[in-house]
Structure formats: C-alpha cells, structure tokens
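Secondary and tertiary structure notes
Below, each chain spelled out in residue letters.
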Amino acid sequence: MLNDIPLMPPNASTFASQVDLLYAFLVILSAVVTVGTFGAVLFFAIKYRRRPGVAPGSMEGSLRLELLWSFIPGVIAIGIFAWGAKLYFYGVKPPTDVMDIYVSGKQWMWKVQHPTGQKEINDLHIPAGRAIRWTMTSEDVLHSYWIPAFRMKKDVVPGRYTEMWAQPTKPGEYHLFCAEYCGTGHSKMIGTVHVLEPEAYQRWLSGNTGDPPDVAGAKLFESMRCNTCHAAGQGQRGPVLDGIFGKPQPLKGGSEVIVNEDYVRESILHPLAKVVNGFEPVMPSYDGQLGEEEIMQLVAYIKSLKPAAGGAK
Ligand code: CUA
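Worth saying up front: this structure is predicted, and the values here are computed from it rather than measured.

This part is about the pattern of salt bridges. The final tally for this structure, using the stated rule, is 9 salt bridges. When the shortest N-O distance is used, the salt bridge between Lys111 and Glu293 registers 3.2 Å. Pair noted here: Lys111 is in strand 2 (residues 109-113) and Glu293 is in helix 7 (residues 292-304), with a separation of 182 residues, a long-range link. Between Lys303 and Glu261 there is a salt bridge whose closest N-O contact spans 2.9 Å. Of this pair, Lys303 sits in helix 7 while Glu261 sits in helix 6 (residues 261-269), and the two are 42 residues apart along the sequence. On the basis of relative accessibility, which here comes to 24%, the residue Lys303 falls in the partly exposed class.

What follows covers the environment of Phe279. Relative to the elements of secondary structure, Phe279 occurs in the loop between helix 6 and helix 7. Linking Phe279 and Phe43, residues 236 residues apart in sequence, is a C-alpha distance of 79 Å. Setting aside residues no more than four positions away along its own chain, Phe279 makes contact with Gln236, Arg237, Gly238, Pro239 and Lys252.

What follows deals with the environment of Phe15. Relative to the helices and strands, Phe15 is located in the segment before helix 1 (16-47). Along the sequence, Phe15 and Gly91 sit 76 residues apart, while their C-alpha atoms lie 7.3 Å from each other. Not counting residues within four places of it along the chain, the set of residues in contact with Phe15 comprises Leu87, Tyr90, Gly91, Phe150, Arg151 and Met152.

Attention now moves to the layout of surface pockets. In this structure, the largest pocket occupies an estimated 610 Å³ of space. Lining the largest pocket are 32 residues, and of these His230, Pro239, Ser267, Pro271 and Met283 sit closest to its centre. The set of elements that each furnish at least two residues to the lining of the largest pocket consists of helix 5 (227-230), helix 6 and helix 7. In terms of residue count, the dominant contributor to the lining of the largest pocket is helix 6 (4 residues). Residues belonging to the lining of the largest pocket are distributed by class as follows: 23 nonpolar, 5 polar and 4 charged. Its boundaries defined by the atoms lining it, the second largest pocket holds a volume of some 230 Å³. The wall of the second largest pocket is formed by Lys47, Tyr48, Arg49, Arg50, Arg51, Val54, Ala55, Pro56, Gly57 and Met59.

For Thr135, the position within the fold is in strand 5 (residues 132-138). Judged by relative accessible area, Thr135 falls into the buried class, the value being 3%. Look past the residues within four positions of Thr135 in its chain and what remains in contact with it is Asp100, Ile101, Tyr102, Val103, Tyr161, Thr162, Glu163 and Met296.

The next thing to look at is unusual backbone geometry. With an omega of 0 degrees, the peptide bond between Gln107 and Trp108 qualifies as cis. Relative to the helices and strands, Trp108 resides in the loop between strand 1 (99-106) and strand 2. Even without being glycine, Arg151 reaches a positive phi, approximately 60 degrees. For Arg151, a relative accessible area of 15% puts it in the buried group.

On to the nonpolar core. Residues Ile101, Ile126, Trp134, Tyr145, Phe150 and Val193 are the most contacted members of the largest nonpolar core, which totals 34 residues. For Trp134, the contacting residues outside a window of four places in its chain are Ile101, Val103, Leu124, Ile126, Tyr145, Ile147, Phe150, Thr162, Glu163, Met164, Trp165 and Ala166. By size, the runner-up hydrophobic cluster in this structure holds 26 residues, among which are Leu220, Phe221, Leu241 and Val259.

This next bit is on the sheet that holds strand 7 (residues 152-156). With mixed pairing, the 5 strands of this open sheet are ordered in space as 4-10-9-6-7. With partners counted over all chains shown, the strands left at the sheet margins are strand 4 (123-127) and strand 7, one partner each. Neighbour-to-neighbour, the strand axes of this sheet turn through a mean angle of 20 degrees, independent of strand direction. Pairing of strand 9 (residues 172-178) with strand 10 (residues 191-196), which is carried by 5 bridges, proceeds in the antiparallel orientation. Note that in strand 10 the partner of Gly172 across the bridge is Val195. Its contacts with the sheet put helix 3 (residues 198-206) on strand 4 and strand 10, and the angle it makes with strand 4 is roughly 130 degrees.

Now for the packing of helix 1 against helix 2 (residues 63-92). For the pair helix 1 and helix 2, the least separation of the axes is 10 Å and the interaxial angle reads 160 degrees. On the basis of their axis angle, the class for helix 1 and helix 2 is roughly antiparallel. Remark: the crossing between helix 1 and helix 2 carries left-handed chirality. Facing helix 1, whose interface residues are Gln18, Val19, Leu21, Leu22, Phe25, Leu26 and Leu29, helix 2 presents Ile76, Ile80, Trp83, Gly84, Leu87 and Tyr90. Class assignment for the residues of the contact of helix 1 with helix 2 results in 11 nonpolar, 2 polar and no charged.

Rules used in this analysis
- Residues numbered from 1 in each chain as written.
- Predicted model: local features only at pLDDT ≥ 70, side-chain atom pairs only at ≥ 80, totals over all residues.
- Heavy atoms only, no water.
- Salt bridge = Lys/Arg side-chain N within 4 Å of Asp/Glu carboxyl O.
- Helix = DSSP H or I, 4+ residues; strand = E, 2+ residues; numbered from the N terminus.
- Buried < 20%, exposed > 50% of the residue type's maximum accessible area, 1.4 Å probe, protein only.
- Contact = heavy atoms within 4.5 Å.
- 1 Å grid on protein atoms, 1.4 Å probe; cavity = no way out; pocket = protein on both sides within 12 Å on 5 of 7 lines; lining within 4 Å.
- Points joined across faces, edges and corners; volume = space filled by probe spheres on them.
- Nonpolar A, V, L, I, M, F, W, Y, C, P; charged D, E, K, R; others polar.
- Core = buried A, V, L, I, M, F, W, Y, C linked by side-chain atoms within 4.5 Å.
- Pairing = 2+ DSSP bridges.
- Axes fitted to C-alpha atoms, helices over the stretch in contact; angles between N-to-C directions.
- Parallel < 35°, antiparallel > 145°, perpendicular 65-115°, else oblique.
- Left-handed = near helix turned anticlockwise from the far one by under 90°.

Here is the structure:
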C-alpha cells in the first residue's frame, strides 16, 4: 500500500532534474542546520549544566565568531537566491522553437487545442523531446494547470493569457491536476498527459483530425464579418492586421502597445480600450458572442498573418 505513494513525482522534463537538485540541496542544508543547532543545544546544556558548589564564570562575546556565523550563512542565502533565480528564468523563457498548445480551463475540465487542429478534454498528447508552450486561459474562475512530473505549474486566469513551457524527456503517462480550489468539482479537474515517441505522436495526430486553430480562426474571421472592416480598400474602418503581431502599434493619444495575445483578446472583447491611431472608435464588442476557444483561434489566426507583400491575405 505504501508503495503506491511515491516519495517524488516522476522526473520527465528537462526542468525536473534542475528543480530536484535545488530542492535536494535545500533539504540537506536544512537537515544539517537543524541537526547542528539541536546538537549544540544538547552539548552545551550538558557541558554547562548546574553543578553543586560551582559558580558560573562570566562570558564575553566573540566578534570573530559572530562575523563568521553571519557571513557564511549570508553567502549561502545569496547563493540559493542566485540558483533559484537562474531556474526561474529557465522556467519562464521558452526556447524559440516551441510547439504551441492552447488550453482553456472550465469548471471542471481542461480543454486543449493542438496547433494541428486536434482537440481533447482532460487528456494531452505531446511528443517527447520537443519544447511545448502552453497558452492558457479560463472561461470562469481561477484554475491552475499543474504537471508534477514536469515540475511546472501556472495559474489559469479568466480574462487573460498565461504561459508556461516544458520539454518532456520520457514517454509515459503523467498526472495533470488543477492546483487552485475552483469549486465542488475541483478534485475531479484532473487528467493525463501522454508523452509519446515522436512517431507514435504522428500516428496519434493522423487519427484525430480537425481544423488547426489558425485555420478555424480564419473561418471565424470571415463568418463574424471581421474582414469587412479589417481589409484594405473600400469600407476599411479598422487597421489591416497582416504582420502586426509582435510589433508596436501607435495608439490614439500618442502611446504605443505591443501587439500580443492579450492585446488582440482585449481588442476583440473591449475594442475601445486601446484604439489604434488614425482610426475611429467604431468597432462593436464581441464580448459574450465568442467563447475562449474561439478567441484563441482568432488570436492564432492573427498571429499567423504575415506582413502583406502586396495584396491582403
Ligand atoms: Cu479548476 Cu481547481
């Protein structure tokens, strides 16, 4: 029975060993300090115990000792900070060559879209050896996406996108949890991450087809009639969107905004919040008309638009 409860979750990402090493160091350091402190207390309590007829002598402080036991722990503490900061930056900066996975959390399930169009609920199939980036949002309340085997966890927040990344190393099945209490079904908001060999992943992909998010987004862009205002030429009332993703956009009033996932999402739901310079605040809000999955598809579509080389897409 006790064997069913593992001491540590499996180690299945490039980040996991790094986190485990720091964690092991902290545990060992704490153990050494604890044993040392209690050992000294015990030793002195016995050595300097009250004896009949012996008066205690007077004690002077030792500057040298005090400096020593301030300086050494100080250096260790700063070292732990630097070590932790290094891991933090590794954990928040994905490499440039990543595979995007779009997640939306909902009471009480995890919905996933693959860049190649597959969708799944509470399951996630990914290839081993590939850096994965999750772009996540929630349709209702706060959730938190947690894959202990990857040592990665990130809050999933309604109204904005959060990101995390990991590179799975070992094929296998791993637990997926919601790590933020989100209502009565919280404990059931769990799933399985299936890390597959690259060939097995390709086989899985070909057995589950669907529109890739950017293609689904392109269809939505048309069916929601976004193209009537966002295409160059007659009737153009909004900026042309080709190639704007990742670039600064000048706003009415003189400020600037970098076009990222959050800005595109805000512009769809609250178009008047940041109006692009040179345009009138005339766009209607699509709040309530689009679900988070659809907004993600539109974002993926706009992200996919290359700068117009003569002629709009
Ligand atoms: Cu979702 Cu807890």
